[in-house]
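Below, each chain spelled out in residue letters.
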Amino acid sequence: MSAPLTRRPGLDRPGRRALGRLFVALAAAAYAVLLSISPAQAHASLIGTDPEEGAVLEVAPETITFIFDEAVSLPPAGVTVYDAKGEEVTSEATASGTSMEVALASPTSLGDGTYVVAWRAVSADGHPISGSLTFAVGAPSLSVAPPPSSEPSRATAVIHGVLQFIQYAALLLIVGLVWFRALILGGHSVGERRVPDRAIARVQRLQIVAGMVAVLALVFLAPASGALQSESGPGAILTFDAWSPASVGKEWLSALVGILGIAATLALRPRPRLAAAAGLIAIMAPALVGHSRAVVPAWLVTATDIVHLIAGALWLGGLVGLALTLPLITRRGTVAAEIVTRFSTLAAVSLAVLAVSGVLMGWRILGSWDNLLNSTYGTLLMTKVALVVAVAVMAAGNRLLVLPRIRQAVGHDDTVEAGSMLRRAVLMEAGVLVVVLGVTGFLVDQPPQADTGATGTGTATVAQTNTQAAKLGDDHRVYATLTPAGPGPNVLRLQIQDAAGEPVEASAVPSAKLSSASRDQNSVDLGSLALTTVGAGTWEADVVLPKGGTWEATVGLRLGEFESPLALVEFPVRQ
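Cut-offs and rules
- Residues numbered from 1 in each chain as written.
- Predicted model: local features only at pLDDT ≥ 70, side-chain atom pairs only at ≥ 80, totals over all residues.
- Heavy atoms only, no water.
- Pairing = 2+ DSSP bridges.
- Helix = DSSP H or I, 4+ residues; strand = E, 2+ residues; numbered from the N terminus.
- Axes fitted to C-alpha atoms, helices over the stretch in contact; angles between N-to-C directions.
- Left-handed = near helix turned anticlockwise from the far one by under 90°.
- Contact = heavy atoms within 4.5 Å.
- Nonpolar A, V, L, I, M, F, W, Y, C, P; charged D, E, K, R; others polar.
- Salt bridge = Lys/Arg side-chain N within 4 Å of Asp/Glu carboxyl O.
- Buried < 20%, exposed > 50% of the residue type's maximum accessible area, 1.4 Å probe, protein only.

### Notes on the sheet that holds strand S20 (residues 549-556)
So, point 1. Read from one edge of the open sheet, four strands run S17-S16-S20-S21, paired in antiparallel fashion. In this open sheet, the two strands that pair with only one neighbour each are strand S17 (525-528) and strand S21 (566-573). With direction set aside, neighbouring strand axes in the sheet form an average angle of 15°.
So, point 2. When strand S16 (residues 511-516) meets S17, the two strands line up antiparallel, connected through three bridges. Paired with Lys 513 across the two strands is Ser 528, which belongs to S17.

### Topic: the sheet that holds strand S1 (residues 46-50)
So, point 1. Reading across the sheet, the four strands line up as S1-S3-S8-S7 and stay open at both edges, with antiparallel pairing between neighbours. At either margin of the open sheet sits one strand with a lone partner, and together these are S1 and strand S7 (91-96). On average, each strand axis in the sheet is tilted by 15° relative to the strand beside it, whichever way the strands run.
So, point 2. Two elements, S1 and strand S3 (residues 63-68), share four bridges in a ladder whose sense is antiparallel. Across the sheet, Gly 48 pairs through a bridge with Ile 67, a residue of S3.

### As for the packing of helix H2 (residues 154-184) against helix H5 (residues 249-267)
How two helices pack is summed up by the angle between their axes together with the distance between the axes.
So, point 1. The interhelical angle for the contact between H2 and H5, taken along N-to-C directions, is 30°, at an axis separation of 11 Å. Between H2 and H5 the crossing geometry is left-handed. Taken together, the residues of H5 that come into contact with H2 (itself represented by Leu 171, Ile 174 and Val 178) are Ile 262, Thr 265 and Leu 266.
So, point 2. Residues belonging to the contact of H2 with H5 are distributed by class as follows: five nonpolar, one polar and no charged.

### Remarks on unusual backbone geometry
So, point 1. Residue Pro 51 is bonded to the preceding Asp 50 through a cis peptide linkage, with omega at 5°.
So, point 2. Tracing the sequence through the fold places Pro 51 in the loop between S1 and strand S2 (56-57).
So, point 3. Phi at Ala 77 takes a positive value of approximately 55°, unusual for a residue other than glycine.
So, point 4. Considering the arrangement of structural elements, one finds Ala 77 in the loop between strand S4 (72-73) and strand S5 (79-83).

### Points about the pattern of salt bridges
So, point 1. Per the stated rule, a full pass over the model turns up one salt bridge.
So, point 2. Among the salt bridges present, the one from Glu 540 reaches Arg 493, with a minimum N-O distance of 2.5 Å. With a gap of 47 residues between them, Glu 540 in strand S19 (residues 538-545) and Arg 493 in strand S15 (residues 488-497) connect regions that are remote in the sequence.
So, point 3. Residue Glu 540 is classed as partly exposed on the basis of its relative accessible area of 24%.

This is the structure we're talking about:
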């Protein structure tokens, strides 16, 4: 007579149907995110050029200079100069800090007419910006052939976003599982009870798979970033330029740190606590590129980003670890209850850390409610927050309802049913967290600035703003931009750069006063302006100009105990 069949702990049919409906909903949400993704628009802003847009010069310049509000780099073939017929003019471009210079090979041989400089650069956060500058020598040409142009590839942006998602999911999973084994399973035993070897083996196998997937994602993210920065199609991922460290050096550094951390983590698997320490190296990789590198203070935002990633790894790894081990420990009631209790406490701490670090990064990266409410970045961030809140509610329900059920379970059947209930809940939590990581993968590719609605191409053209520059002390310059430079509401943007052309890391906010240049009875003095920090060495203030004419801004910056230089810049404001 054969032995009676016993029902293994796991999901019953209603549970499977509920979980299936959940994953269908999550897949639909992820698909909606994919459809909403477009190539990232400008992250840095062009604040000045020499010559200016539309200038008519007597002789051709030897060098054309572009000034940005944050550091930029040049991708391969980033700048091309064309004459009025659309023929290429020999030139060489270099970028240093916030300045980009284009040297013309033979400026004296250039004839009269219009010239167009088509440029493409990469912001400090790794995202592309592009535009064009038009000037004339002698007299403008009667007709000008437009330079070749190409739309940023949406397919490349989606591939890059998917690779980001895979990187986040795999990295957080391998690091989280290592910490789950070290903190929750306690190596091989919980209290006086030994954790089954099969449970440990399950966790280790998934660690290896996650590590291999993370390595592949890190390797292919570098050329995908190169293709994204050159605004090329997916085919460019296979070109030499996309793989070259000269083009994507920061991305390769991130990949190297991640791969070394993963290798150390897997090599130290027999020693869980050392493996957990090595996992901290791997989890640093995503924080070495992206928005956190372009926001001041960079060290604080980067450190907060790393803490945010660690908290996410503890939560996701703990959930997946529970899902792997619960079927093997459910019948060991005291062991299961102790493991779930440990994870529940760790998850609560992780949630608190996620909330605090997420708020800090969102505040520093977005900088205003307008950017939160009117940008794709803000929309995805709010979607991520809503999903995390949903997971938090599910986790609270598990702690208050399911955990007591496991502790109070009596007998085999009651214990199995309670374990099955908990496993269903854990899988649902993990599923929603996977979608959170999917949103994050595309979130980091979006600009935090509010969408202007002017273009949907992702191309940053030369802004028709009123930018002026002045010397500030012996070693600094201030670039002041007034937009839209007309009566009514305006935005005054100040950037102060040091002698090397880098935005200053000022400990104090500079002072700025604005007044009309006239000194008669119609003079208007708006007094001191309330400046807010919007970037490295960059500040903004909202002002309302009651009339046109010439306006003066007096800018001061305290550089030391006895050094507080002033600069005066004038703006022509249309009537």
